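# Close look at the chain arrangement
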Amino acid sequence: MSQVEPGTDGGGENVEGERPAAEPESVTDEVTVHDDEVELERTIGLVGGLAIGIGTMIGAGIFVFPGIAAGDAGPAAALSFAIGGGIAMLVALPASELATAMPRSGGGYFFVSRSLGSAAGAVVGLGLWLGLVFAAAFYLVGLGNYVAALLAEVGLALPFDPIVPVGIAFAVGLTILSLGGTDNTAALQNAVVGILLVVLTVFLTFGVLDAAGVFGGTTVPEEFFSRGHLPVLSTAALVFTSYLGFAQVATVAGEITMPSKNLPRAMVGSVLVVTVFYVVTVFVATSAFGAETLGTLGETAMVEVAREFLGLGGAVAILFAGLLATISSANASILSASRTVYALSRDALLPRRASTLNRRYGTPHVALFAAGGPILVLVATGQVEVLAEVASFLHLIMYGLICVALLVLRRRDPDWYDPGYTIPGYPLLPVAGAVASFALVAFMQPASIGIGAGIMVVALVWFRYYAADVELRGAF
């Protein structure tokens, strides 16, 4: 159970007015132990870690983005997804090393705060929390779109637009599910991802064979860079939201069993699997309709691709898979956002009440509400592309700083830094990851950059006003 620090008033403030420092910790394969309490139990295995990573990344993006991306970049949208996957891998490898050295809840926040200091940690941590909130809202809006399409497919007309109400309802439901424990969340994630991968594998296999002419005439390919070269990079920046899942594995690192082995396997493995699925999906979609037509179909383009291949049954199957995908993405994002709040609170960068554990379920219920509440507000906007790009912006900043964090820790070589996994190609790989992450930001829409930068400024102001005197004691 989470206890109030001795000598505090229950909200993170010392009786004398000084803010408490972060607590020293020890780690086992079962739990993370603090001086006076036990943190979250390690209940998520390798399959669960892969399910969180794959389920988030292969979720809403694989159904919502192909039409949007093809409209922006043409057939070269497949390259945009490949670029996004490459950048994700450049960050996943350094993050894996850091995660095995610091297997704690909070992921990127914990890595950056313990290497670059509490100010950088606060900006990244608060940005990660809100970035996950924006990502979850994006997924839930996509879920609403798929519910609306499914209702239209079966001829059921509602007297209102269901997109926002459905998104809000699932935001509430998934938050309550997470409150009941990570076992519930992991079980849902494993089941959803298993079904999703089967449906996608069957669909994409048929699509590739169709494009190759096995089921009819071969498809005449369009000019690959029909929209030019620059849209490939701007589209990569947009769809990078699709690759946020591997970092969410690190965010729940405090609950992963055998972290020195399972964390790198889950993070790197999920990026590899998802990149292949995305590139093949865009190839199949553009082969079926052509980029011009696909772009006019928007968020539900994959439904029409499935209808082209398999008729009404295919359309319904993809709608069902899209529902599962958006649920799994939102589910993992809500869980990860709450664990980021939990980690910030334990370090007193947010009020300590946010790290209180529910006495019945052992979950951080205040942190869960801090994640779920803002999601409801953002879902109500219904703005798919802006939500996606703001989430991408905040994560790209964090990813670049994760790579910098590895460089700093390798150079300082503190006594406690003993990772169970070390990356190949040091220092070139983390340098390339940092440069690629920061550079991709430049290709985003000005509105998304402005909102993301504004969130970072607010985070820094919060740190200066609320937590400038916090002293972090290190990773242990």
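Residues numbered from 1 in each chain as written. Predicted model: local features only at pLDDT ≥ 70, side-chain atom pairs only at ≥ 80, totals over all residues. Heavy atoms only, no water.

Broken down by element type, the chain carries 16 helices and three strands. For the chain, the residues scored as buried account for 59% of the 476 residues in total. Contacts in the chain between residues at least 24 apart in sequence constitute 81% of all its contacts with a sequence separation of at least 6. As displayed, the chain offers around 16800 Å² of accessible surface, 65% of which is attributable to carbon and sulfur atoms. (Helix = DSSP H or I, 4+ residues; strand = E, 2+ residues; numbered from the N terminus. Buried < 20%, exposed > 50% of the residue type's maximum accessible area, 1.4 Å probe, protein only. Contact = heavy atoms within 4.5 Å. Areas by Shrake-Rupley, 256 points an atom, 1.4 Å probe, with all protein chains shown as cover.)

Moving on, we get to the nonpolar core. If you look at the biggest cluster of nonpolar residues, it comprises 152 residues, and the most contacted ones within it are F63, L98, F240, F246 and Y399. A per-element tally of this core places helix 12 (residues 301-346) first, with 22 residues. Other than its neighbours up to four places away in sequence, F240 contacts G84, I87, A88, S392, L396, Y399 and L440. (Core = buried A, V, L, I, M, F, W, Y, C linked by side-chain atoms within 4.5 Å.)

Moving on, we get to the packing of helix 3 (residues 77-101) against helix 8 (residues 230-239). Pairs of packed helices are described in terms of their axes, by the angle between the two and the distance that separates them. Axis separation between helix 3 and helix 8 bottoms out at 8 Å; the angle between their running directions is 55 degrees. As far as their axial angle goes, helix 8 and helix 3 are oblique. Considering the relative orientation of helix 3 and helix 8, their crossing is right-handed. Along its contact with helix 3, which presents L79, S80, F81 and I83, the element helix 8 presents P231, V232, L233, T235, A236 and V239. Along the lines of polarity and charge, the residues of the contact of helix 3 with helix 8 split into eight nonpolar, two polar and no charged. (Axes fitted to C-alpha atoms, helices over the stretch in contact; angles between N-to-C directions. Parallel < 35°, antiparallel > 145°, perpendicular 65-115°, else oblique. Left-handed = near helix turned anticlockwise from the far one by under 90°. Nonpolar A, V, L, I, M, F, W, Y, C, P; charged D, E, K, R; others polar.)

The next thing to look at is the pattern of salt bridges. Evaluation of the coordinates by the stated rule reveals three salt bridges. Where R114 meets D347, a salt bridge forms, and the shortest distance between an N and an O atom there is 2.5 Å. Linking R114 in helix 4 (residues 108-116) with D347 in the loop between helix 12 and helix 13 (365-379), this pair joins segments that are 233 residues apart in sequence. A single burial state applies to R114 and to D347, both of which are buried. Residue E304 is joined to R307 by a salt bridge in which the shortest nitrogen-to-oxygen separation is 3.1 Å. (Salt bridge = Lys/Arg side-chain N within 4 Å of Asp/Glu carboxyl O.)

Another point: the packing of helix 1 (residues 46-57) against helix 12. Running from N to C, helix 1 and helix 12 cross one another at 120 degrees; their axes reach a closest spacing of 7 Å. Considered as vectors, helix 1 and helix 12 are oriented oblique to each other. When you trace helix 1 past helix 12, the crossing you get is left-handed. Contacts between helix 1 and helix 12 involve I52, G55 and T56 on the former and, on the latter, A325, S328, S329, A332, S333 and L335. In the contact of helix 1 with helix 12, the residues fall into four nonpolar, five polar and no charged.

From the geometry alone we can't say anything about function, so treat these as descriptive.
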